[in-house]
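# Results of the structural survey
What follows is each chain in one-letter form.
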Amino acid sequence: QVNFVESGGGLVQAGGSLRLSCAASGRPGTTYAMGWFRQAPGREREFVAGISWNGAATYYGDSVKGRFTIARDNGKNTVYLQMNDPKPEDTAVYYCVAKALSPPELWTLAAVDYWGQGTQVTVSS
């Protein structure tokens with residue numbers, strides 16, 4: 001079991017910046033790729049960004065490429081999502097996720113093993 005503590009969500013103006021954090025605790029000796037998904041009202045949950053267990057590889061959804069950056073600090077068991085130039089369409093609940101078994105480049109809903117509770121991000125125009 002992996003538990004998450006997500007923080008950093010809130011209200012931000014379009015064109016500003018916001019950083020989400022997710023501290024994870026899990027089974028010793030297990031390495032996880034971690035990432036973020038999001039879900040806006042009335043829309044399907046979608047992949048935002050992912051990072052391999054050692055931070056060597058990162059992956060992004062098309063809608064956030066060039067604006068959002070994912071990073072991790074394994075010493076703190078924490079993953080970050082730096083959101084630059086957010087847009088109103090980025091408004092959603094953001095979920096921290098972890099996966100251990102699927103290929104690191106695979107970021108479908110079914111590939112995720114553990115989900116956080118979610119943190120609300122609202123981007124005002």
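Preceding this section is the structure that the text describes.
Note that the coordinates shown come from a computational prediction; the quantities given were computed from them, not determined experimentally.

Attention now moves to the sheet that holds strand E7 (residues 68-73). With antiparallel pairing, four strands are arranged side by side in an open sheet as E1-E3-E8-E7. Strands with a single pairing partner mark the edges of an open sheet, and in this sheet they are strand E1 (3-7) and E7. Each neighbouring strand pair of the sheet contributes to a mean axis angle of 15°, computed without reference to strand direction. In the sheet, E1 pairs with strand E3 (residues 17-25) via five bridges, with the strands oriented antiparallel. Bridging from a neighbouring strand, Asn-3 pairs with Ser-25 of E3.

Take the state of the cysteines next. The tally for this structure, following the rule as stated, stands at one disulfide. Note that Cys-22 is cross-linked by a disulfide to Cys-96, the S-S spacing being 2.1 Å. For the disulfide bridge between Cys-22 and Cys-96, the dihedral angle about the S-S bond is near -85°, and by the sign convention the bridge is left-handed. Taken together, the residues Cys-22 in strand E3 and Cys-96 in strand E9 (residues 92-99) connect sequence positions 74 residues apart.

So, on to the pattern of salt bridges. Evaluated as defined, the whole model comprises five salt bridges. Close ionic contact of Arg-38 with Asp-90 constitutes a salt bridge, the shortest N to O distance being 2.8 Å. Residue Arg-38 is found in strand E4 (residues 33-39), and its partner Asp-90 is found in the loop between strand E8 (78-84) and E9; the two are separated by 52 residues along the sequence. Considered together, Arg-38 and Asp-90 belong to a single accessibility category, that of buried residues. Note that Asp-62 is salt-bridged to Lys-65, the shortest N-O span being 3.2 Å. One continuous salt-bridge network, built from bridges that share partners, spans Arg-38, Glu-46, Arg-67 and Asp-90.

Below, the discussion takes up the side chain of Ser-52. Here Ser-52 lies in the loop between strand E5 (46-51) and strand E6 (58-60). A polar atom in the side chain of Ser-52 sits 3.0 Å from the side chain of Asn-54.

What follows covers the pairing of E3. Where E3 meets E8, seven bridges bridge the pair, whose relative direction is antiparallel. Across the sheet, residue Ser-17 finds its bridge partner in E8, namely Asn-84.

Rules of the game
Residues numbered from 1 in each chain as written. Predicted model: local features only at pLDDT ≥ 70, side-chain atom pairs only at ≥ 80, totals over all residues. Heavy atoms only, no water. Pairing = 2+ DSSP bridges. Helix = DSSP H or I, 4+ residues; strand = E, 2+ residues; numbered from the N terminus. Axes fitted to C-alpha atoms, helices over the stretch in contact; angles between N-to-C directions. Disulfide = S-S within 2.5 Å. Salt bridge = Lys/Arg side-chain N within 4 Å of Asp/Glu carboxyl O. Buried < 20%, exposed > 50% of the residue type's maximum accessible area, 1.4 Å probe, protein only. Polar contact = N/O pair within 3.5 Å; in protein donor to acceptor, adjacent residues only side chain to side chain.

Without other data, these values stay purely geometric and don't point to any function.
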